[in-house]
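Analysis of the macromolecular model
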Amino acid sequence: MLLLWELVVAASALATPAPGAAVQRRGAAQAWPDAPNVVLVVSDSFDGRLTFYPGSQVVKLPFINFMKAHGTSFLNAYTNSPICCPSRAAMWSGLFTHLTESWNNFKGLDPNYTTWMDVMKKHGYRTQKFGKLDYTSGHHSISNRVEAWTRDVAFLLRQEGRPMVNLFPKKTKVRVMEKDWRNTDRAVNWLRKEATNYTQPFVLYLGLNLPHPYPSPSSGENFGASIFRTSLYWLKKVSYDAIKIPKWSPLSEMHPIDYYSSYTKNCTGKFTEKEIKNVRAFYYAMCAETDAMLGEIILALRQLGLLQKTIVIYTSDHGELAMEHRQFYKMSMYEASAHVPLLIMGPGIKANLQVSNVVSLVDIYPTMLDIAGIPLPQNLSGYSLLPLSSEALKNEHKFKNLHPPWILSEFHGCNVNASTYMLRTNQWKYIAYSDGSSVSPQLFDLSSDPDELTNIATKFPEITYSLDQKLRSIINYPKVSASVHQYNKEQFIKWKQSVGQNYSNVIANLRWHQDWQKEPRKYESAINQWLKTHTNPKKFEQK
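Residues numbered from 1 in each chain as written. Predicted model: local features only at pLDDT ≥ 70, side-chain atom pairs only at ≥ 80, totals over all residues. Heavy atoms only, no water.

- If you look the protein up in an unreviewed UniProt entry, it shows as Arylsulfatase K from Ceratotherium simum simum.
- Its UniProt record gives the protein a comment under Function (unreviewed entry), which states: "Catalyzes the hydrolysis of pseudosubstrates such as p-nitrocatechol sulfate and p-nitrophenyl sulfate. Catalyzes the hydrolysis of the 2-sulfate groups of the 2-O-sulfo-D-glucuronate residues of chondroitin sulfate, heparin and heparitin sulfate. Acts selectively on 2-sulfoglucuronate and lacks activity against 2-sulfoiduronate." (UniProt positions renumbered as here; feature names shortened; annotations may be inferred.)

The structure is reproduced here in C-alpha coordinates:
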(Lines give C-alpha, C1' and ligand atoms only; values in the text may rest on other atoms or scores of the structure.)
Protein backbone atom coordinates (compact mmCIF):
# COMPACT_ATOMS: atom_id res chain seq x y z
CA MET A 1 0.00 0.00 0.00
CA LEU A 2 2.84 2.35 0.84
CA LEU A 3 4.48 1.83 -2.57
CA LEU A 4 1.19 2.52 -4.33
CA TRP A 5 0.72 5.63 -2.24
CA GLU A 6 4.15 6.89 -3.27
CA LEU A 7 3.22 6.34 -6.90
CA VAL A 8 0.08 8.41 -6.44
CA VAL A 9 1.90 11.22 -4.67
CA ALA A 10 4.48 11.27 -7.44
CA ALA A 11 1.81 11.53 -10.11
CA SER A 12 1.55 14.82 -11.91
CA ALA A 13 -1.41 17.08 -11.28
CA LEU A 14 -4.52 15.86 -13.03
CA ALA A 15 -4.90 17.81 -16.27
CA THR A 16 -7.45 16.92 -18.93
CA PRO A 17 -10.01 18.91 -20.92
CA ALA A 18 -12.16 21.16 -18.75
CA PRO A 19 -15.94 21.37 -18.84
CA GLY A 20 -17.62 23.89 -21.09
CA ALA A 21 -17.51 27.43 -19.81
CA ALA A 22 -21.04 28.46 -20.70
CA VAL A 23 -22.83 28.96 -17.40
CA GLN A 24 -26.52 29.08 -16.62
CA ARG A 25 -28.02 30.14 -13.30
CA ARG A 26 -27.52 26.76 -11.64
CA GLY A 27 -24.78 25.13 -13.69
CA ALA A 28 -22.93 24.79 -16.97
CA ALA A 29 -25.00 21.87 -18.32
CA GLN A 30 -22.81 21.65 -21.42
CA ALA A 31 -21.97 18.19 -22.77
CA TRP A 32 -18.28 17.44 -22.43
CA PRO A 33 -16.40 16.01 -25.44
CA ASP A 34 -15.54 12.98 -23.30
CA ALA A 35 -17.83 12.70 -20.29
CA PRO A 36 -15.78 11.77 -17.23
CA ASN A 37 -16.44 8.94 -14.85
CA VAL A 38 -17.60 9.97 -11.39
CA VAL A 39 -16.89 8.36 -8.02
CA LEU A 40 -18.70 9.64 -4.93
CA VAL A 41 -17.50 8.42 -1.54
CA VAL A 42 -19.77 9.41 1.36
CA SER A 43 -18.79 8.61 4.93
CA ASP A 44 -20.86 9.11 8.04
CA SER A 45 -20.21 11.51 10.92
CA PHE A 46 -16.99 13.11 9.59
CA ASP A 47 -16.22 16.57 11.02
CA GLY A 48 -15.40 18.71 7.99
CA ARG A 49 -13.03 20.91 9.99
CA LEU A 50 -10.50 18.06 10.02
CA THR A 51 -9.85 18.62 6.33
CA PHE A 52 -8.21 22.03 6.76
CA TYR A 53 -6.04 23.91 9.25
CA PRO A 54 -5.99 23.81 12.25
CA GLY A 55 -8.18 20.71 12.52
CA SER A 56 -5.98 18.90 10.02
CA GLN A 57 -3.10 18.96 12.52
CA VAL A 58 -4.69 16.46 14.88
CA VAL A 59 -4.79 13.36 12.66
CA LYS A 60 -2.99 12.07 9.56
CA LEU A 61 -5.33 11.89 6.57
CA PRO A 62 -3.03 11.27 3.59
CA PHE A 63 -5.67 10.63 0.96
CA ILE A 64 -7.79 13.61 1.93
CA ASN A 65 -4.60 15.63 1.73
CA PHE A 66 -3.95 14.15 -1.72
CA MET A 67 -7.40 15.27 -2.85
CA LYS A 68 -6.73 18.74 -1.45
CA ALA A 69 -3.44 19.00 -3.37
CA HIS A 70 -4.89 17.73 -6.64
CA GLY A 71 -8.36 19.19 -6.41
CA THR A 72 -10.70 21.72 -4.82
CA SER A 73 -11.70 21.68 -1.16
CA PHE A 74 -14.71 23.55 0.16
CA LEU A 75 -13.94 25.10 3.53
CA ASN A 76 -17.54 25.89 4.46
CA ALA A 77 -19.63 22.91 3.40
CA TYR A 78 -22.66 21.96 5.50
CA THR A 79 -25.24 19.26 5.91
CA ASN A 80 -28.83 20.25 5.21
CA SER A 81 -29.98 18.21 8.19
CA PRO A 82 -27.55 16.88 10.82
CA ILE A 83 -28.79 13.30 10.99
CA CYS A 84 -28.31 10.35 8.65
CA CYS A 85 -31.49 9.77 6.64
CA PRO A 86 -32.73 13.37 6.17
CA SER A 87 -29.24 14.54 5.23
CA ARG A 88 -28.84 11.81 2.64
CA ALA A 89 -32.34 12.47 1.33
CA ALA A 90 -31.28 16.06 0.65
CA MET A 91 -28.10 14.89 -1.09
CA TRP A 92 -29.85 12.36 -3.33
CA SER A 93 -32.84 14.61 -4.15
CA GLY A 94 -31.17 18.04 -4.36
CA LEU A 95 -34.03 19.42 -2.26
CA PHE A 96 -34.19 20.93 1.23
CA THR A 97 -35.50 18.70 3.99
CA HIS A 98 -38.88 20.41 4.36
CA LEU A 99 -39.57 20.04 0.64
CA THR A 100 -39.28 16.23 0.78
CA GLU A 101 -40.66 16.07 4.35
CA SER A 102 -37.72 13.93 5.44
CA TRP A 103 -38.41 14.63 9.09
CA ASN A 104 -36.36 11.98 10.89
CA ASN A 105 -34.38 8.77 10.41
CA PHE A 106 -37.63 6.90 9.72
CA LYS A 107 -39.02 9.43 7.22
CA GLY A 108 -36.93 9.95 4.10
CA LEU A 109 -37.53 9.66 0.36
CA ASP A 110 -39.90 7.24 -1.30
CA PRO A 111 -37.96 4.18 -2.55
CA ASN A 112 -38.96 5.03 -6.12
CA TYR A 113 -37.79 8.65 -5.93
CA THR A 114 -35.76 9.75 -8.97
CA THR A 115 -32.25 10.55 -7.76
CA TRP A 116 -29.32 12.10 -9.61
CA MET A 117 -27.98 8.58 -10.21
CA ASP A 118 -31.22 7.59 -11.91
CA VAL A 119 -30.97 10.64 -14.18
CA MET A 120 -27.34 9.88 -15.04
CA LYS A 121 -28.26 6.28 -15.86
CA LYS A 122 -31.01 7.51 -18.16
CA HIS A 123 -28.41 9.65 -19.96
CA GLY A 124 -26.06 6.76 -20.65
CA TYR A 125 -23.96 6.38 -17.50
CA ARG A 126 -23.28 2.92 -16.07
CA THR A 127 -24.13 3.09 -12.37
CA GLN A 128 -23.25 1.15 -9.25
CA LYS A 129 -23.81 1.58 -5.50
CA PHE A 130 -22.09 -0.10 -2.56
CA GLY A 131 -22.45 0.34 1.19
CA LYS A 132 -24.61 2.66 3.23
CA LEU A 133 -27.39 4.51 1.40
CA ASP A 134 -30.00 5.35 4.08
CA TYR A 135 -32.04 7.98 2.27
CA THR A 136 -35.41 6.20 2.00
CA SER A 137 -38.25 5.85 4.52
CA GLY A 138 -38.87 2.92 6.85
CA HIS A 139 -35.49 2.26 8.42
CA HIS A 140 -33.77 2.60 11.83
CA SER A 141 -34.98 1.24 15.16
CA ILE A 142 -38.42 1.57 16.71
CA SER A 143 -36.77 3.44 19.55
CA ASN A 144 -35.28 6.00 17.19
CA ARG A 145 -38.71 6.65 15.69
CA VAL A 146 -40.61 6.88 18.98
CA GLU A 147 -38.00 9.25 20.47
CA ALA A 148 -38.44 11.58 17.51
CA TRP A 149 -42.22 11.45 17.63
CA THR A 150 -42.39 12.12 21.40
CA ARG A 151 -39.83 14.92 21.62
CA ASP A 152 -42.64 17.35 22.53
CA VAL A 153 -43.67 15.31 25.58
CA ALA A 154 -42.93 16.90 28.96
CA PHE A 155 -40.34 14.44 30.18
CA LEU A 156 -36.57 14.02 30.16
CA LEU A 157 -35.20 10.54 29.55
CA ARG A 158 -31.72 9.36 28.71
CA GLN A 159 -31.87 7.76 25.27
CA GLU A 160 -28.24 6.76 24.76
CA GLY A 161 -25.47 4.90 26.50
CA ARG A 162 -22.74 7.00 28.05
CA PRO A 163 -20.12 7.80 25.38
CA MET A 164 -17.02 5.67 25.93
CA VAL A 165 -14.05 4.18 24.10
CA ASN A 166 -13.17 0.60 23.24
CA LEU A 167 -9.69 -0.41 22.10
CA PHE A 168 -9.49 -3.37 19.74
CA PRO A 169 -7.28 -5.97 21.48
CA LYS A 170 -5.08 -6.71 18.46
CA LYS A 171 -2.61 -3.82 18.25
CA THR A 172 -1.91 -4.18 14.53
CA LYS A 173 -5.57 -4.50 13.52
CA VAL A 174 -6.14 -2.42 10.39
CA ARG A 175 -9.63 -3.46 9.35
CA VAL A 176 -11.52 -2.55 12.50
CA MET A 177 -14.79 -1.63 10.76
CA GLU A 178 -14.96 -4.85 8.75
CA LYS A 179 -18.31 -4.17 7.05
CA ASP A 180 -17.01 -0.90 5.57
CA TRP A 181 -13.85 -2.65 4.38
CA ARG A 182 -15.91 -5.37 2.70
CA ASN A 183 -17.93 -2.74 0.85
CA THR A 184 -14.73 -0.94 -0.12
CA ASP A 185 -13.34 -4.23 -1.45
CA ARG A 186 -16.54 -4.76 -3.44
CA ALA A 187 -16.21 -1.29 -4.96
CA VAL A 188 -12.57 -1.89 -5.86
CA ASN A 189 -13.37 -5.27 -7.41
CA TRP A 190 -16.16 -3.69 -9.43
CA LEU A 191 -13.73 -1.09 -10.75
CA ARG A 192 -11.28 -3.81 -11.74
CA LYS A 193 -13.67 -6.34 -13.21
CA GLU A 194 -16.54 -4.24 -14.55
CA ALA A 195 -15.76 -0.55 -14.91
CA THR A 196 -12.56 -1.07 -16.91
CA ASN A 197 -14.56 -2.86 -19.62
CA TYR A 198 -17.17 -0.15 -20.11
CA THR A 199 -17.24 2.01 -23.21
CA GLN A 200 -19.68 4.41 -21.53
CA PRO A 201 -18.72 6.57 -18.54
CA PHE A 202 -19.63 5.21 -15.12
CA VAL A 203 -20.72 6.64 -11.78
CA LEU A 204 -19.80 4.72 -8.63
CA TYR A 205 -21.12 5.42 -5.13
CA LEU A 206 -19.50 4.05 -1.96
CA GLY A 207 -21.20 4.69 1.38
CA LEU A 208 -19.22 4.16 4.59
CA ASN A 209 -20.54 3.90 8.14
CA LEU A 210 -17.32 5.15 9.72
CA PRO A 211 -16.52 7.27 11.63
CA HIS A 212 -20.01 6.83 13.13
CA PRO A 213 -19.79 5.49 16.71
CA TYR A 214 -20.39 1.78 17.21
CA PRO A 215 -23.52 0.22 18.75
CA SER A 216 -23.82 0.02 22.53
CA PRO A 217 -25.83 -3.16 23.33
CA SER A 218 -25.85 -2.23 27.03
CA SER A 219 -28.55 0.28 26.12
CA GLY A 220 -30.96 -2.59 25.56
CA GLU A 221 -32.62 -4.27 22.61
CA ASN A 222 -33.10 -1.00 20.73
CA PHE A 223 -29.55 0.05 21.46
CA GLY A 224 -27.99 3.28 20.35
CA ALA A 225 -24.39 3.85 19.30
CA SER A 226 -22.12 5.45 21.85
CA ILE A 227 -18.92 3.39 21.51
CA PHE A 228 -15.85 4.94 19.88
CA ARG A 229 -13.82 1.92 18.78
CA THR A 230 -10.44 1.65 17.11
CA SER A 231 -7.06 -0.10 17.28
CA LEU A 232 -3.60 1.05 18.25
CA TYR A 233 -2.70 1.04 14.56
CA TRP A 234 -5.08 3.94 13.92
CA LEU A 235 -4.49 5.68 17.24
CA LYS A 236 -0.88 6.13 16.16
CA LYS A 237 -2.15 8.39 13.37
CA VAL A 238 -3.50 10.82 15.98
CA SER A 239 -1.43 13.65 17.48
CA TYR A 240 -2.61 13.26 21.06
CA ASP A 241 -0.98 16.50 22.23
CA ALA A 242 -2.86 18.45 19.55
CA ILE A 243 -6.27 17.30 20.78
CA LYS A 244 -8.28 20.23 22.06
CA ILE A 245 -10.42 19.85 25.18
CA PRO A 246 -13.65 21.73 24.40
CA LYS A 247 -14.99 24.34 26.77
CA TRP A 248 -18.40 23.64 28.30
CA SER A 249 -20.97 26.04 29.63
CA PRO A 250 -22.28 25.22 33.12
CA LEU A 251 -25.44 23.11 32.94
CA SER A 252 -27.46 25.97 34.44
CA GLU A 253 -26.35 28.33 31.65
CA MET A 254 -26.93 26.04 28.67
CA HIS A 255 -29.48 26.96 26.03
CA PRO A 256 -32.63 24.92 26.86
CA ILE A 257 -32.45 22.96 23.62
CA ASP A 258 -28.79 22.15 24.22
CA TYR A 259 -29.63 20.98 27.73
CA TYR A 260 -32.32 18.64 26.43
CA SER A 261 -29.88 17.26 23.85
CA SER A 262 -27.09 16.78 26.37
CA TYR A 263 -29.44 15.06 28.83
CA THR A 264 -31.03 12.69 26.33
CA LYS A 265 -27.55 11.81 25.03
CA ASN A 266 -26.53 10.87 28.57
CA CYS A 267 -23.87 13.59 28.74
CA THR A 268 -24.93 15.68 31.76
CA GLY A 269 -22.93 13.58 34.21
CA LYS A 270 -19.31 14.10 35.19
CA PHE A 271 -16.55 13.43 32.67
CA THR A 272 -12.86 13.57 33.41
CA GLU A 273 -10.55 15.40 31.04
CA LYS A 274 -8.97 12.03 30.18
CA GLU A 275 -12.37 10.59 29.22
CA ILE A 276 -13.12 13.53 26.96
CA LYS A 277 -9.70 13.43 25.34
CA ASN A 278 -9.94 9.68 24.76
CA VAL A 279 -13.33 9.98 23.07
CA ARG A 280 -11.89 12.60 20.76
CA ALA A 281 -8.68 10.62 20.11
CA PHE A 282 -10.61 7.45 19.25
CA TYR A 283 -12.94 9.43 17.00
CA TYR A 284 -9.99 10.93 15.12
CA ALA A 285 -8.50 7.45 14.76
CA MET A 286 -11.79 6.29 13.24
CA CYS A 287 -11.48 9.19 10.78
CA ALA A 288 -8.00 7.94 9.84
CA GLU A 289 -9.44 4.51 9.05
CA THR A 290 -12.11 6.20 6.92
CA ASP A 291 -9.41 8.05 5.00
CA ALA A 292 -7.67 4.75 4.26
CA MET A 293 -10.82 3.36 2.62
CA LEU A 294 -11.08 6.47 0.47
CA GLY A 295 -7.45 5.78 -0.39
CA GLU A 296 -8.24 2.27 -1.61
CA ILE A 297 -10.58 3.76 -4.21
CA ILE A 298 -8.05 6.38 -5.31
CA LEU A 299 -5.28 3.78 -5.55
CA ALA A 300 -7.47 1.42 -7.59
CA LEU A 301 -8.36 4.21 -10.02
CA ARG A 302 -4.66 5.03 -10.33
CA GLN A 303 -3.66 1.39 -10.92
CA LEU A 304 -6.33 0.92 -13.57
CA GLY A 305 -5.43 4.09 -15.45
CA LEU A 306 -8.79 5.66 -14.59
CA LEU A 307 -7.73 8.44 -12.23
CA GLN A 308 -7.22 11.03 -14.95
CA LYS A 309 -10.61 10.20 -16.46
CA THR A 310 -12.57 10.29 -13.21
CA ILE A 311 -14.03 13.01 -11.02
CA VAL A 312 -13.68 11.91 -7.39
CA ILE A 313 -15.88 13.54 -4.73
CA TYR A 314 -15.63 12.92 -1.01
CA THR A 315 -18.10 14.16 1.59
CA SER A 316 -20.10 13.07 4.65
CA ASP A 317 -23.73 13.19 5.73
CA HIS A 318 -22.91 15.23 8.85
CA GLY A 319 -20.20 15.64 11.48
CA GLU A 320 -19.64 14.40 15.04
CA LEU A 321 -19.64 16.52 18.19
CA ALA A 322 -17.16 14.21 19.98
CA MET A 323 -17.92 15.88 23.35
CA GLU A 324 -18.02 19.48 22.11
CA HIS A 325 -20.86 21.41 23.78
CA ARG A 326 -21.20 18.51 26.23
CA GLN A 327 -22.57 16.19 23.55
CA PHE A 328 -21.59 13.41 21.20
CA TYR A 329 -23.36 12.30 18.02
CA LYS A 330 -24.88 14.94 15.73
CA MET A 331 -28.44 16.47 15.76
CA SER A 332 -26.98 19.93 16.36
CA MET A 333 -26.21 23.02 14.31
CA TYR A 334 -22.86 23.50 16.03
CA GLU A 335 -19.87 23.27 13.68
CA ALA A 336 -18.69 19.84 14.80
CA SER A 337 -22.08 18.39 13.90
CA ALA A 338 -23.14 20.44 10.86
CA HIS A 339 -19.83 21.15 9.06
CA VAL A 340 -18.95 18.43 6.54
CA PRO A 341 -15.93 17.68 4.35
CA LEU A 342 -16.33 18.33 0.63
CA LEU A 343 -13.46 17.70 -1.78
CA ILE A 344 -13.50 17.30 -5.56
CA MET A 345 -10.66 16.31 -7.87
CA GLY A 346 -10.37 15.11 -11.44
CA PRO A 347 -10.37 16.30 -15.04
CA GLY A 348 -11.10 20.00 -15.32
CA ILE A 349 -11.11 20.61 -11.55
CA LYS A 350 -8.74 23.22 -10.19
CA ALA A 351 -5.86 21.79 -8.17
CA ASN A 352 -4.88 23.00 -4.71
CA LEU A 353 -7.84 25.38 -4.52
CA GLN A 354 -9.65 26.22 -1.30
CA VAL A 355 -13.12 27.71 -1.71
CA SER A 356 -14.52 29.72 1.19
CA ASN A 357 -18.08 30.09 -0.19
CA VAL A 358 -20.79 28.46 1.90
CA VAL A 359 -22.16 25.37 0.15
CA SER A 360 -24.22 22.35 1.23
CA LEU A 361 -25.10 18.78 0.35
CA VAL A 362 -28.07 19.71 -1.86
CA ASP A 363 -25.40 21.00 -4.25
CA ILE A 364 -24.27 17.42 -4.95
CA TYR A 365 -27.29 16.67 -7.19
CA PRO A 366 -26.80 19.57 -9.63
CA THR A 367 -23.02 19.07 -9.56
CA MET A 368 -23.34 15.42 -10.61
CA LEU A 369 -25.64 16.33 -13.50
CA ASP A 370 -23.41 19.24 -14.46
CA ILE A 371 -20.37 16.98 -14.61
CA ALA A 372 -22.28 14.72 -17.01
CA GLY A 373 -23.44 17.65 -19.14
CA ILE A 374 -27.10 17.00 -18.30
CA PRO A 375 -29.47 20.01 -18.19
CA LEU A 376 -30.44 20.86 -14.63
CA PRO A 377 -34.03 20.89 -13.34
CA GLN A 378 -35.13 24.34 -12.19
CA ASN A 379 -36.80 23.14 -8.99
CA LEU A 380 -33.60 22.10 -7.22
CA SER A 381 -32.58 23.66 -3.92
CA GLY A 382 -28.90 23.20 -4.74
CA TYR A 383 -26.45 24.75 -7.20
CA SER A 384 -23.67 23.20 -9.25
CA LEU A 385 -20.25 23.50 -7.65
CA LEU A 386 -18.43 23.45 -10.98
CA PRO A 387 -18.44 27.25 -11.38
CA LEU A 388 -16.48 27.39 -8.12
CA SER A 389 -14.07 24.57 -8.95
CA SER A 390 -13.71 24.28 -12.72
CA GLU A 391 -10.48 25.23 -14.50
CA ALA A 392 -12.50 26.58 -17.42
CA LEU A 393 -14.05 29.29 -15.25
CA LYS A 394 -10.96 31.38 -14.61
CA ASN A 395 -12.67 34.60 -13.58
CA GLU A 396 -14.16 33.31 -10.37
CA HIS A 397 -15.42 36.74 -9.32
CA LYS A 398 -17.92 36.66 -12.17
CA PHE A 399 -19.65 33.75 -10.51
CA LYS A 400 -19.55 34.80 -6.88
CA ASN A 401 -23.30 35.41 -6.94
CA LEU A 402 -24.14 32.18 -8.76
CA HIS A 403 -24.44 30.21 -5.54
CA PRO A 404 -26.34 32.28 -2.94
CA PRO A 405 -24.23 33.53 0.01
CA TRP A 406 -26.14 31.35 2.49
CA ILE A 407 -27.08 27.76 3.19
CA LEU A 408 -30.06 26.31 5.03
CA SER A 409 -29.97 23.40 7.45
CA GLU A 410 -32.91 22.11 9.47
CA PHE A 411 -33.52 19.36 12.01
CA HIS A 412 -36.74 17.70 13.16
CA GLY A 413 -35.62 14.42 14.74
CA CYS A 414 -34.78 12.86 18.10
CA ASN A 415 -32.62 14.28 20.92
CA VAL A 416 -33.80 17.82 20.14
CA ASN A 417 -37.15 19.00 21.49
CA ALA A 418 -37.87 21.68 18.88
CA SER A 419 -37.56 21.93 15.13
CA THR A 420 -34.30 23.73 14.43
CA TYR A 421 -33.29 25.96 11.52
CA MET A 422 -29.83 27.27 10.69
CA LEU A 423 -29.04 30.07 8.28
CA ARG A 424 -25.29 30.17 7.66
CA THR A 425 -23.70 33.12 5.88
CA ASN A 426 -20.03 33.98 5.45
CA GLN A 427 -19.80 35.55 8.92
CA TRP A 428 -22.93 34.64 10.81
CA LYS A 429 -24.66 31.53 12.01
CA TYR A 430 -28.27 32.15 12.98
CA ILE A 431 -30.28 29.34 14.63
CA ALA A 432 -34.04 29.65 15.07
CA TYR A 433 -36.35 27.20 16.82
CA SER A 434 -39.94 26.03 16.59
CA ASP A 435 -42.31 28.96 15.94
CA GLY A 436 -39.61 31.61 16.33
CA SER A 437 -40.90 32.92 19.65
CA SER A 438 -41.37 30.11 22.18
CA VAL A 439 -37.64 29.26 22.18
CA SER A 440 -34.94 31.91 22.08
CA PRO A 441 -32.72 31.98 18.97
CA GLN A 442 -28.93 31.79 18.80
CA LEU A 443 -26.49 33.96 16.87
CA PHE A 444 -22.79 33.30 16.53
CA ASP A 445 -20.05 35.30 14.84
CA LEU A 446 -17.83 32.49 13.61
CA SER A 447 -15.05 34.88 12.63
CA SER A 448 -14.49 35.88 16.27
CA ASP A 449 -16.09 32.93 18.06
CA PRO A 450 -15.28 29.76 16.08
CA ASP A 451 -16.09 27.55 19.10
CA GLU A 452 -19.61 29.04 19.30
CA LEU A 453 -19.49 29.74 23.01
CA THR A 454 -21.16 33.17 23.04
CA ASN A 455 -24.73 33.63 21.85
CA ILE A 456 -24.95 37.28 20.75
CA ALA A 457 -28.57 37.27 19.53
CA THR A 458 -29.73 39.75 22.20
CA LYS A 459 -26.57 41.85 21.88
CA PHE A 460 -27.15 42.48 18.16
CA PRO A 461 -30.96 42.59 17.74
CA GLU A 462 -30.79 44.28 14.33
CA ILE A 463 -28.61 41.55 12.87
CA THR A 464 -30.74 38.87 14.52
CA TYR A 465 -33.90 40.39 13.07
CA SER A 466 -32.38 40.76 9.61
CA LEU A 467 -31.19 37.14 9.53
CA ASP A 468 -34.53 35.91 10.83
CA GLN A 469 -36.32 37.78 8.06
CA LYS A 470 -33.97 36.25 5.51
CA LEU A 471 -34.61 32.80 6.95
CA ARG A 472 -38.37 33.34 6.76
CA SER A 473 -38.02 34.37 3.10
CA ILE A 474 -36.43 30.98 2.39
CA ILE A 475 -38.68 28.82 4.59
CA ASN A 476 -41.88 29.54 6.52
CA TYR A 477 -40.37 27.80 9.51
CA PRO A 478 -43.23 28.33 12.02
CA LYS A 479 -45.54 26.59 9.54
CA VAL A 480 -43.05 23.77 8.94
CA SER A 481 -42.65 23.28 12.70
CA ALA A 482 -46.42 23.01 13.11
CA SER A 483 -46.53 20.40 10.34
CA VAL A 484 -43.85 18.36 12.09
CA HIS A 485 -45.70 18.55 15.43
CA GLN A 486 -48.82 17.21 13.72
CA TYR A 487 -46.87 14.50 11.90
CA ASN A 488 -45.22 13.34 15.13
CA LYS A 489 -48.51 13.00 16.94
CA GLU A 490 -50.22 11.19 14.08
CA GLN A 491 -47.35 8.74 13.64
CA PHE A 492 -47.17 8.00 17.35
CA ILE A 493 -50.91 7.28 17.51
CA LYS A 494 -50.64 4.90 14.54
CA TRP A 495 -47.70 3.12 16.14
CA LYS A 496 -49.44 2.88 19.52
CA GLN A 497 -52.49 1.34 17.88
CA SER A 498 -50.29 -1.13 15.97
CA VAL A 499 -48.72 -2.58 19.13
CA GLY A 500 -52.07 -2.82 20.89
CA GLN A 501 -52.03 -4.43 24.32
CA ASN A 502 -48.24 -4.73 24.23
CA TYR A 503 -47.87 -0.93 24.22
CA SER A 504 -46.86 -0.50 27.88
CA ASN A 505 -44.27 -3.25 27.67
CA VAL A 506 -42.83 -2.14 24.34
CA ILE A 507 -42.48 1.55 25.18
CA ALA A 508 -40.89 0.70 28.55
CA ASN A 509 -38.13 -1.29 26.83
CA LEU A 510 -36.88 1.21 24.29
CA ARG A 511 -33.50 2.91 24.66
CA TRP A 512 -34.80 4.98 27.55
CA HIS A 513 -35.69 1.83 29.53
CA GLN A 514 -33.31 2.52 32.44
CA ASP A 515 -35.10 5.79 33.24
CA TRP A 516 -38.60 4.80 32.10
CA GLN A 517 -38.88 1.73 34.26
CA LYS A 518 -38.28 3.75 37.43
CA GLU A 519 -41.60 5.61 36.99
CA PRO A 520 -43.50 4.03 34.07
CA ARG A 521 -46.92 5.42 35.03
CA LYS A 522 -45.53 8.96 35.21
CA TYR A 523 -44.13 8.77 31.69
CA GLU A 524 -47.17 7.08 30.17
CA SER A 525 -49.31 9.79 31.76
CA ALA A 526 -47.12 12.50 30.24
CA ILE A 527 -47.64 10.98 26.80
CA ASN A 528 -51.38 10.75 27.32
CA GLN A 529 -51.46 14.41 28.29
CA TRP A 530 -49.48 15.32 25.18
CA LEU A 531 -51.87 13.40 22.97
CA LYS A 532 -54.81 15.36 24.39
CA THR A 533 -53.33 18.79 23.74
CA HIS A 534 -51.44 20.73 21.12
CA THR A 535 -47.96 20.60 22.60
CA ASN A 536 -45.37 23.32 22.11
CA PRO A 537 -41.66 22.49 22.64
CA LYS A 538 -40.95 22.46 26.35
CA LYS A 539 -38.30 24.47 28.08
CA PHE A 540 -37.14 22.09 30.76
CA GLU A 541 -35.75 23.25 34.02
CA GLN A 542 -32.11 22.29 34.37
CA LYS A 543 -31.53 19.74 37.08
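Structure's up, so let's keep going.
1. Some thoughts on the nonpolar core
- Judged by nonpolar contacts, the single largest core of 87 residues is most densely connected at L191, F202, I297 and L301.
- Sort the elements by how many residues they give to this core and helix 10 (residues 273-303) lands first, with 18 residues.
- Of all hydrophobic cores here, the second largest spans 41 residues; its members include L157, V362, L471 and W516. (Core = buried A, V, L, I, M, F, W, Y, C linked by side-chain atoms within 4.5 Å. Buried < 20%, exposed > 50% of the residue type's maximum accessible area, 1.4 Å probe, protein only. Helix = DSSP H or I, 4+ residues; strand = E, 2+ residues; numbered from the N terminus.)

2. As for the pattern of salt bridges
- According to the stated counting rule, one finds 18 salt bridges in the structure shown.
- The salt bridge partner of R88 is D44, with a shortest N-O separation of 3.4 Å. Remark: D44 occurs in the loop between strand 1 (37-43) and helix 2 (62-70) and R88 occurs in helix 3 (residues 84-93); sequence separation between them is 44 residues. The same class applies to R88 and to D44, which are both buried.
- E324 is the salt-bridge partner of R49, the closest N and O atoms lying 2.8 Å from each other. Here R49 is found in the loop between strand 1 and helix 2, whereas its partner E324 is found in the loop between strand 8 (310-316) and helix 11 (335-338), with 275 residues between them in sequence. Of the two residues, R49 and E324, neither departs from the other in class, the shared state being buried.
- Through salt bridges with shared partners, a single ionic network connects D44, R88, K132 and D317. (Salt bridge = Lys/Arg side-chain N within 4 Å of Asp/Glu carboxyl O.)

3. A closer look at the sheet that holds strand 14 (residues 428-433)
- With antiparallel pairing, the four strands of this open sheet are ordered in space as 12-13-14-15. Either end of the sheet is taken by a strand with one partner, and the two such strands are strand 12 (407-411) and strand 15 (442-445). The average angle at which neighbouring strand axes cross in this sheet is 15 degrees, direction not considered.
- Here five bridges tie strand 12 to strand 13 (residues 420-424), and the two strands are oriented antiparallel to one another. Within strand 13, the residue paired with I407 across the bridge is R424.
- Packed on one face of the sheet, helix 14 (residues 461-474) meets strand 12, strand 13, strand 14 and strand 15 and runs near 65 degrees to strand 14. (Pairing = 2+ DSSP bridges. Axes fitted to C-alpha atoms, helices over the stretch in contact; angles between N-to-C directions. Contact = heavy atoms within 4.5 Å.)

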